[in-house]
Amino acid sequence: MPDDRPIDLSPKVSDEIRTTTCYMCACRCGIRVHLKDGGIRYIEGNPDHPINKGVLCAKGSAGIMHQESPAKLRKPLKRVGPRGSGEFEEIEWDEALGIATGWLSAIRNEDPRKLAFFTGRDQSQSLTAWWASQFGTPNFAAHGGFCSVNMAAGGLYSIGGSFWEFGEPDWEHSRFFMMFGVAEDHDSNPIKIGLSKLRANGAKFVSVNPVRTGYSAIADEWLPITPGSDGLFALSLVHELLSAGKIDKEFLKSYTNAPWLVIDAPGSSSHGLFARDADGKPLVWDQKQAAALPWDSDGVVPDLRETVTLPDGRQAKPVFYLLAEKYLTAEYAPEAVAERTGLPADTIRRIAAEIAEAAFSQTVVIEQPWTDWRGVRHERMVGRPVALHAMRGISAHSNGFHTCRALHLLQMLLGAIDSPGSFRYKPPFPQSAPPPVKPTGKPGQVNPRQPLPGPPLGFVQGPEDLLVGPDGKPQRIDKAFSWENPLSAHGLMHMVITNAWKGDPYPVDTLFLYMANMAWNSAMNTGGTVSMLTDKDPETGEYRIPHVIYSDAFYSETVPYADLVLPDTTYLERWDCISLLDRPIGSAEAAADAIRQPVLTPDRDVRPFQDVLIHLGYRLGLPGMTNEDGSEKFPEGYKQYITQHQRKPGIGPLAGWRGENGDAQGVGAPNPNQLDRYIENGCFWRHDIPEEGHYFKFANQAYLDWAKSMGFMTEAAPVVLQLYVEPLQKFRLAADGHGDVLPPERERERLRRYFDPLPFWYPPLEDETRTADDFPLHAVSQRPMAMYHSWGSQNAWLRQIHGHNVLFVPESLAQELELKADDWVWVESRHGKIKAPTKIMQGVNAKTVWTWNAIGKRAGAWNLDKDAPESTRGFLLNHLIDELLPEQGSGYRYAASDPVTGQAAWYDLRVRIKKAEKPGFEETALKRKAFKRPPGMPRAPETVAYGKKGGKR
């Protein structure tokens, strides 16, 4: 009999809906969480949210199974067996906090530098950095040194902003879009929305990437570039554009330092610096008066071409003159770079011609008057519709800083910075290039029981800003802001354990980590890292790193190596703040920030790390967390901190609904009801930029005034785009013996070579340590769209998409080695050797093998079965990557990092592969003893599923 009962097309799936912010990747999309009977029934995108506008990816939807993970930690743990054994006992929070307070107070009373506090991919870095400065240690950084400091520093020193979080393409108006080195895990929903707009508008999309997956698969043209050669390709495009005269000279004269005069006096202490007047203002050569005048003089008409004689007799050249001399040489011609980049010379020429065509023949005009900072009124906004976007693929090389700068150079020459159709800033950017914040931690700035006089991270503008001693010795444990890594704006997280183990430049007492899986996928030289964490001093019998405190929500591979484990909540169980003081979520047309609110109550004895950190600060007597009478300043924890803390008067973690009555935006007194207003508005705040200020923000007076009113700028002053970065030249001068702060002899040649004030290309440092014949292949990893670091790849739903990873091998290489799909190969680098299963692929650079990262797991971690495919077939390239370069004759080994910023050079890896006789990991470092489950963690069910009433079944 047919069932004639009506079908309910809109069944009630929940009895409550709460908004919050996703944390399944770094995108920070708005979500609506459907609850029924106290459990989650469904997670959907929030259609009102400015980031994702309702779009949600597989990761975001799988937040349900993130919450239901059997790997969640359940109670504080104290180690009772050897490190790495997984032998713990459960303790109460009072005992855990007492232990942590005891270790940390002893350090603070003696030498705050003995605390190394490093956080992973947390989204509360404005809090954690402030906490470190209140403690008094300079040894703080987050994951940016792993991932994107080349991107951030390259942009912030050049244009006062950078790709992704500080800017976005003009998806609506671009006619030619180039994407460099972007995998599909970062910024995925906005990029998908944007690409759909590009395709609908008929714009051309060119993807420059060794691997054709994800976004590259839908590109109009894929350029399979050789890893590490992106900067050479970009500078060859510059060569072609200069040769053809396809540059925006008026933009260069008006908004960049192209006309600024550079002193040409080799051997002198001023060589390569800007010529300045008595007030320190850079000079340009004025065509009308035939004289050197301050760049911001009224009516000045600067010349880009002339070599001039200054009033004091010295010679000087405009930046543009030096630029043309450099890039018009045959070194950057397409024929000269074709073999190295893997791109035919004709392709490079054609791409340059297409860029020029889009920029100068398809100009975008918006009928919106605007006034620049000089008071000149422009009747319309005219743009060069060429947009670039880039990410980790170019950043994670040892030449990534100059590669990022080369991309910004290309944009500036076209006039494609914050103009219609190009890259656009997101508030609070642009900032001055570089921003004025400098790192602290010099001798005399670190004192017992005292906070630092400023932040631990910042932007060095010359040797005088380095954190070094009188003998040139680094003052930070990771050697950030030292002569080895001067512009390391995000620190060197990958060097913390190595340097602490060696006691170089000094020993530390406590390593405090949060969300940083340093014993597995967040470490170069994974095996060595584990050995260093477990190594003991033979004279004392104590661990070389005496104390390790670790906080995480899950039983990651790093938990067994901790002495004290502070279990965190999930993102659905806590308050969070996505702050403009940290990593903004806004758009090019509005400032925005957001919160997370707890939508569930933990069913375990866990606490939000932010709450724990603030309470530890009170126990330690840190001034920012303690009232003058000794009472706790934020007894309600992070929730209270978010609304009451002020970084400076009127400026706090959240910019929306400030003031006692909640009627102020950006700047205003704390509002006790601020979080209620956010919740009422879907857990986000957005404030539009005046239409007149939408473009040319670096020089648009309407935007500059608005930014000052919002507290983003102290003065409504223009941001001059920097083709030539003078701070780099100051390091070259120091290497030649000029100045009051001089480098050790060992560092001088490195500084002369790598601190070129104009972008240049050099081979990745790994390529220079051996012949390519020994290890002829590049090896890279990227994250798939359905995963984000360790926590995504233990998710029951997402595991069904990526249960293990394989090594993708180019078809031509597979034929040469007689490989078939699913064969296993030996993969060998100068540092190590592993085995891996393979797949054969056409869409990959012929000299490159690659895999998905963070899917391979150590057996027993994440409460997975010891025979889970992540452990029996999944692997990491990390085991092949050395965090140190080979010594080069001096006996000293530099970090395998960008020599300017210290960025971890993950993607410099060179390997060779050989067909294996049998499958499996038996003979390799990947086959390690399985971890024990910690006490209190039940055995995971054979099947993790989700029932109709909001719980597991």
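**Examining the overall build of the chain**
Step number 1: Across its full length, the chain holds 25 helices and 34 strands.
Step number 2: In summary, the chain has a C-alpha radius of gyration of 27 Å against a globular reference of 30 Å for 953 residues, a match within 12%.
Step number 3: Expressed along its principal axes, the backbone C-alpha trace of the chain runs to roughly 85 × 80 × 70 Å.
Step number 4: Across the 953 residues that make up the chain, the buried fraction comes to 66%.
Step number 5: Taking contacts inside the chain between residues at least 6 apart in sequence as the whole, the part at least 24 apart equals 70%.
Step number 6: Surface exposure of the chain reaches about 33000 Å², of which carbon and sulfur atoms provide 48%.
Step number 7: Measuring between centres, the 106 positive side-chain charges of the chain sit 4 Å from its 117 negative side-chain charges.

**Comments concerning the packing of helix H8 (residues 230-244) against helix H11 (residues 334-341)**
Helix packing for two helices is described by the angle between their axes and how far apart those axes are.
Step number 1: With their axes 10 Å apart at the nearest point, H8 and H11 run at an angle of 165° to one another. With respect to their mutual orientation, H8 and H11 come out roughly antiparallel. Judged by the twist between their axes, the crossing of H8 over H11 is left-handed. Where H8 abuts H11, its residues Leu232, Phe233, Ser236, His239 and Glu240 lie against Pro334, Val337, Arg340 and Thr341.
Step number 2: For the contact of H8 with H11, a count of residues per class yields four nonpolar, three polar and two charged.

**Observations regarding the sheet that holds strand S26 (residues 576-578)**
Step number 1: If you walk across this open sheet you meet the three strands as S26-S27-S28, and the pairing is antiparallel. Of all strands in the sheet, those bounded by a partner on one side alone are S26 and strand S28 (684-688). For this sheet, the mean inter-axis angle between neighbouring strands, taken without regard to orientation, is 10°.
Step number 2: In this structure, strand S27 (residues 590-596) lies alongside S28, joined through five bridges in antiparallel fashion. The residue of S28 that forms the bridge with alanine 591 is histidine 687.

**Structural notes on the sheet that holds strand S3 (residues 39-45)**
Step number 1: The sheet built from three strands is open, its strands ordered S1-S2-S3 with antiparallel pairing. Of all strands in the sheet, those with a lone pairing partner are strand S1 (16-21) and S3, marking the two edges. Neighbouring strand axes in the sheet, compared pairwise and without regard to direction, differ in orientation by 30° on average.
Step number 2: Two strands pair when backbone bridges link them, and strand S2 (residues 30-36) and S3 are joined in this way by six bridges, in the antiparallel orientation. Its bridge partner lying in S3, histidine 34 is registered against tyrosine 42.

**Notes on the pairing of strand S13 (residues 283-286)**
Step number 1: Burial of S13 is two-sided: the residues Leu283 and Trp285 facing one way and the residues Val284 and Asp286 facing the other way are all buried.
Step number 2: Bridge analysis of S13 against strand S14 (residues 291-294) gives four bridges, and the strand direction is antiparallel. Of the residues in S14, the one forming a bridge with leucine 283 is proline 294.
Step number 3: Counting the residues between successive antiparallel strands, the hairpin from S13 to S14 contains four residues, one of them, alanine 290, with a positive phi of roughly 50°.

**What to know about the pattern of salt bridges**
A side chain with one charge can pair with a side chain of the opposite charge if their charged atoms come near.
Step number 1: Across all of its chains, the model carries 66 salt bridges by this definition.
Step number 2: In this structure, aspartate 576 engages arginine 596 in a salt bridge whose closest nitrogen and oxygen atoms are separated by 2.9 Å. Of this pair, aspartate 576 sits in strand S26 while arginine 596 sits in strand S27; the two residues are 20 residues apart in sequence, bridging distant segments of the chain. The pair aspartate 576 / arginine 596 is uniform in exposure class, with both members buried.
Step number 3: Across the salt bridge formed by aspartate 867 and lysine 866, the nearest N and O atoms sit 3.3 Å from each other.

**Here's the deal with the environment of alanine 183**
Step number 1: Locating alanine 183 in the fold gives a position in the loop between strand S9 (176-180) and helix H7 (188-201).
Step number 2: With a relative accessible area of 9%, alanine 183 lands in the buried category.

**Here's the deal with the nonpolar core**
Step number 1: Ranked by size, the top nonpolar core spans 291 residues in total, and within it Trp131, Met178, Phe233, Phe698 and Ile913 carry the most contacts.
Step number 2: Here this core takes nine residues from helix H14 (residues 400-414), the largest share from any one element.
Step number 3: With nine residues, the next largest nonpolar core counts Leu261, Ile263, Leu283 and Ala316 among its residues.

**Considerations on the state of the cysteines**
Step number 1: Across all of its chains, the model carries zero disulfides by this definition.
Step number 2: No disulfide involves cysteine 27; its sulfur sits 3.7 Å from the nearest other cysteine sulfur, which is in cysteine 29.
Step number 3: Judged by its relative accessible area of 2%, cysteine 27 is buried.
Step number 4: Cysteine cysteine 57 shares no disulfide, and the gap to the nearest cysteine sulfur, in cysteine 25, comes to 5.6 Å.
Step number 5: When its relative accessible area of 8% is taken as the criterion, cysteine 57 is described as buried.

**Some thoughts on the packing of H8 against helix H10 (residues 319-327)**
Step number 1: The N-to-C vectors of H8 and H10 enclose an angle of 110°; their axes lie 9 Å apart at closest approach. By the criterion of interaxial angle, the relationship of H8 to H10 is roughly perpendicular. The segment H8 lies against H10, with Leu235, Val238, His239 and Leu242 engaging Phe320, Leu323, Ala324 and Tyr327.
Step number 2: Residue composition of the contact of H8 with H10, grouped by class: seven nonpolar, one polar and no charged.

**Some words on the side chain of aspartate 568**
Step number 1: Relative to the elements of secondary structure, aspartate 568 occurs in the loop between strand S25 (564-567) and S26.
Step number 2: Polar contacts involving the side chain of aspartate 568 include one to the side chain of tyrosine 514, which spans 2.9 Å.
Step number 3: A distance of 2.9 Å separates the side chain of aspartate 568 from the backbone nitrogen of phenylalanine 609, its partner in a polar contact.
Step number 4: The residues touching aspartate 568, leaving out its near neighbours within four places in the chain, are Tyr514, Ser551, Asp552, Ala553, Arg574, Arg604, Val606, Arg607, Pro608 and Phe609.

**Here's the deal with the environment of cysteine 25**
Step number 1: Along the chain, cysteine 25 falls in the loop between S1 and S2.
Step number 2: Separated by 762 residues in sequence, cysteine 25 and methionine 787 place their C-alpha atoms 8.1 Å apart.

**Some details on the packing of aromatic side chains**
Step number 1: Within this structure, the stated rule accounts for 44 aromatic pairs.
Step number 2: Ring centres of phenylalanine 274 and tyrosine 724 lie 5.5 Å apart, and the angle between their planes is 50°; this geometry places the pair in the tilted category. In this pair, phenylalanine 274 sits in the loop between strand S12 (261-264) and S13 while tyrosine 724 sits in the loop between helix H20 (701-709) and helix H21 (726-735), placing the two residues 450 residues apart along the sequence. Assigned by exposure class, phenylalanine 274 and tyrosine 724 land together as buried.
Step number 3: Centroid distance tyrosine 561 to phenylalanine 931: 6.1 Å. Interplanar angle 80°. Geometry classified as edge-to-face. Of the two residues, tyrosine 561 is situated in the loop between strand S24 (547-552) and S25 and phenylalanine 931 in the segment after strand S34 (910-915); the sequence distance between them amounts to 370 residues.
Step number 4: Using a relative accessible area of 8% as the deciding quantity, one classes phenylalanine 931 as buried.
Step number 5: Linked through ring pairs, Phe163, Phe251, Tyr255, Trp370, Phe423, Tyr425, Phe696 and Phe698 together constitute an aromatic cluster.
Step number 6: Its end group placed over the ring of tyrosine 23, arginine 596 keeps NZ or CZ at 4.1 Å from the ring centre.

**A closer look at unusual backbone geometry**
Step number 1: With an omega dihedral of 0°, the bond running from alanine 433 to proline 434 counts as a cis peptide bond.
Step number 2: Its place among the elements puts proline 434 in the loop between strand S22 (423-425) and helix H15 (496-502).
Step number 3: Of the consecutive residues aspartate 504 and proline 505, the connecting peptide bond is found in the cis state with omega at 15°.
Step number 4: Among the structural elements, proline 505 can be located in the loop between H15 and strand S23 (510-514).
Step number 5: Here arginine 28, not a glycine, exhibits a phi torsion of approximately 65°, which is positive.
Step number 6: Inspection of the secondary structure assignment puts arginine 28 in the loop between S1 and S2.
Step number 7: The class of arginine 28 is buried, set by a relative accessible area of 5%.
Step number 8: The phi dihedral of phenylalanine 481 falls on the positive side, at around 55°, and the residue is not glycine.

**What to know about helix H12 (residues 345-361)**
Residues separated by three or four positions in an α-helix point in the same direction, a consequence of the helix having 3.6 residues per turn.
Step number 1: The first and last C-alpha atoms of H12 sit 23 Å apart over 17 residues, in line with the 24 Å expected at 1.5 Å per residue.
Step number 2: Every buried residue of H12 is listed here: Ala345, Thr347, Ile348, Ile351, Ala352, Ile355, Ala356, Ala358 and Ala359.

**Observations regarding the environment of proline 436**
Step number 1: The topology assignment puts proline 436 in the loop between S22 and H15.
Step number 2: The spatial distance from the C-alpha of proline 436 to the C-alpha of valine 460 is 8.7 Å, given a sequence separation of 24 residues.

**A word on the confidence of the model for the chain**
Step number 1: When pLDDT is averaged along the chain, the result is 94, and 98% of the positions lie at 70 or above.
Step number 2: In this model residues 948-953 is a low-confidence stretch, pLDDT under 50, and it forms 15 contacts with partners more than four residues away in sequence or in other chains.

Scoring rules and cut-offs
- Residues numbered from 1 in each chain as written.
- Predicted model: local features only at pLDDT ≥ 70, side-chain atom pairs only at ≥ 80, totals over all residues.
- Heavy atoms only, no water.
- Helix = DSSP H or I, 4+ residues; strand = E, 2+ residues; numbered from the N terminus.
- Rg over C-alpha atoms; globule rule 2.2 N^0.38 Å.
- Buried < 20%, exposed > 50% of the residue type's maximum accessible area, 1.4 Å probe, protein only.
- Contact = heavy atoms within 4.5 Å.
- Areas by Shrake-Rupley, 256 points an atom, 1.4 Å probe, with all protein chains shown as cover.
- Lys, Arg positive; Asp, Glu negative; His and termini not counted.
- Charge placed at Lys NZ, Arg CZ, Asp CG, Glu CD.
- Axes fitted to C-alpha atoms, helices over the stretch in contact; angles between N-to-C directions.
- Parallel < 35°, antiparallel > 145°, perpendicular 65-115°, else oblique.
- Left-handed = near helix turned anticlockwise from the far one by under 90°.
- Nonpolar A, V, L, I, M, F, W, Y, C, P; charged D, E, K, R; others polar.
- Pairing = 2+ DSSP bridges.
- Salt bridge = Lys/Arg side-chain N within 4 Å of Asp/Glu carboxyl O.
- Core = buried A, V, L, I, M, F, W, Y, C linked by side-chain atoms within 4.5 Å.
- Disulfide = S-S within 2.5 Å.
- Polar contact = N/O pair within 3.5 Å; in protein donor to acceptor, adjacent residues only side chain to side chain.
- Phe/Tyr/Trp six-rings, centres within 6.5 Å; stacked < 30°, edge-to-face > 60°.
- Lys NZ or Arg CZ within 6 Å of the ring centre and 35° of its normal.
- Expected span 1.5 Å × (residues − 1).
- pLDDT = per-residue confidence, 0-100.

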